[in-house]
Amino acid sequence: MLYVLLGFAAVVAVLAVVISLRPSDFHVERSLAMSAPPARVFEEVNNLHQWEAWSPWAKRDPNMKKSYEGPEAGAGAVYRWDGNAEVGAGNVTIAESQPDERIGIRLVMVRPFACDNAVEFTFKPQGDQTVVTWGMDGKYNFITKAMGLFMSMDHMIGGDFEQGLTSLKTIVESPGAR
């Protein structure tokens, strides 16, 4: 019995070392070309009131509580939500808004996991299209490092970024769009 306990303790110790040696930073990024000028796409992302139409998370909880603070668009605009287990609770604040080029956002999640991540949207003209890139940078804590042994952050939210960009593309390419 003692050898079993010692063996188990050794496995736990090795696992703890492996987890602690994993990278502390992560980056997730997706891009999509859209047949719309940068100003059109920028306008849709820069106004947090517009996000419900293209955000992949807004569709997952129709009863989610939402509130807005500050200006309707641009730096200082805040969107807060509190939803089901799939969307969690948190807020986004537009920290930086460079018209038609870049939007820097602070994402603070309260649940299901607490985090404070940097989100960025960039808008690059490419011929008659705009390449929109949605990226996020953050830090892993010990628990999320452990989860990363089985599933990466890229795998967890990369598909959501793809869905959101596809919905955004549909909106900005629609005739008579806002």
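It should be noted that the structure appears before, not after, this text.
Calculation criteria
- Residues numbered from 1 in each chain as written.
- Predicted model: local features only at pLDDT ≥ 70, side-chain atom pairs only at ≥ 80, totals over all residues.
- Heavy atoms only, no water.
- Helix = DSSP H or I, 4+ residues; strand = E, 2+ residues; numbered from the N terminus.
- Buried < 20%, exposed > 50% of the residue type's maximum accessible area, 1.4 Å probe, protein only.
- Contact = heavy atoms within 4.5 Å.
- Areas by Shrake-Rupley, 256 points an atom, 1.4 Å probe, with all protein chains shown as cover.
- Lys, Arg positive; Asp, Glu negative; His and termini not counted.
- Charge placed at Lys NZ, Arg CZ, Asp CG, Glu CD.
- Phe/Tyr/Trp six-rings, centres within 6.5 Å; stacked < 30°, edge-to-face > 60°.
- Pairing = 2+ DSSP bridges.
- Axes fitted to C-alpha atoms, helices over the stretch in contact; angles between N-to-C directions.
- Expected span 1.5 Å × (residues − 1).

**Student:** Describe the overall build of the chain, and please don't skip the residues or the numbers.
**Tutor:** Along the chain, the regular secondary structure elements total four helices and seven strands. A burial count over the chain gives 39% of its 178 residues as buried. Residue pairs at least 24 apart in sequence account for 54% of intrachain contacts in the chain once pairs closer than 6 positions are excluded. Put simply, the chain shows about 9,900 Å² of open surface, and 61% of that area lies on carbon and sulfur atoms. A gap of 5 Å separates the mean positions of the 16 positive and 21 negative side-chain charges of the chain.

**Student:** Tell me what's going on with the packing of aromatic side chains, and back it up with residues and numbers.
**Tutor:** Under the criterion given, the structure shown has ten aromatic pairs. Ring geometry for Trp 54 versus Trp 134: centroids 5.7 Å apart, planes at 80°, classification edge-to-face. Here Trp 54, found in the loop between helix H2 (38-46) and strand E2 (65-69), pairs with Trp 134, found in strand E7 (residues 129-139); they are 80 residues apart in sequence, far enough to count as distant. Three or more aromatic residues joined by ring pairs form one cluster here, namely Trp 51, Trp 54, Trp 57, Phe 121, Trp 134 and Phe 161.

**Student:** Quick one: what's the story with H2, residue by residue and with numbers?
**Tutor:** At 3.6 residues per turn, the α-helix brings residues three or four places apart onto the same side. Of all nine residues in H2, seven are buried, a share of seventy percent or more. Looking only at H2, the buried set comprises Pro 38, Arg 40, Val 41, Phe 42, Glu 44, Val 45 and Asn 46. In the core, the buried residues of H2 are packed alongside strand E1 (25-34), strand E4 (89-98), strand E5 (102-111), strand E6 (115-126), E7 and helix H4 (153-173).

**Student:** Give me the lowdown on the sheet that holds E1, citing residues and values where you can.
**Tutor:** Read across the sheet, seven strands follow the order E1-E7-E6-E5-E4-E3-E2 without closing on themselves; strand pairing throughout is antiparallel. Sheet topology places E1 and E2 at the edges, where each strand pairs with a single neighbour. Taken over all neighbouring pairs, the strand axes of this sheet differ in orientation by 15° on average, direction set aside. Against the sheet, H2 makes contact with E1, E4, E5, E6 and E7, and its axis sits at roughly 160° relative to E6, the strand it touches most. With respect to the sheet, H4 is in contact with E1 and E7, its orientation differing from that of E1 by roughly 25°.

**Student:** Give me H4: which residues, what numbers.
**Tutor:** With 21 residues, H4 should cover 30 Å at 1.5 Å per step; its first-to-last C-alpha distance of 30 Å lies within 8% of that length. By the burial criterion, the buried members of H4 are Met 153, Ile 157, Gly 158, Asp 160, Phe 161, Gly 164, Leu 165, Leu 168, Ile 171 and Val 172. Packing partners of the buried residues in H4 comprise E1, H2 and E7.

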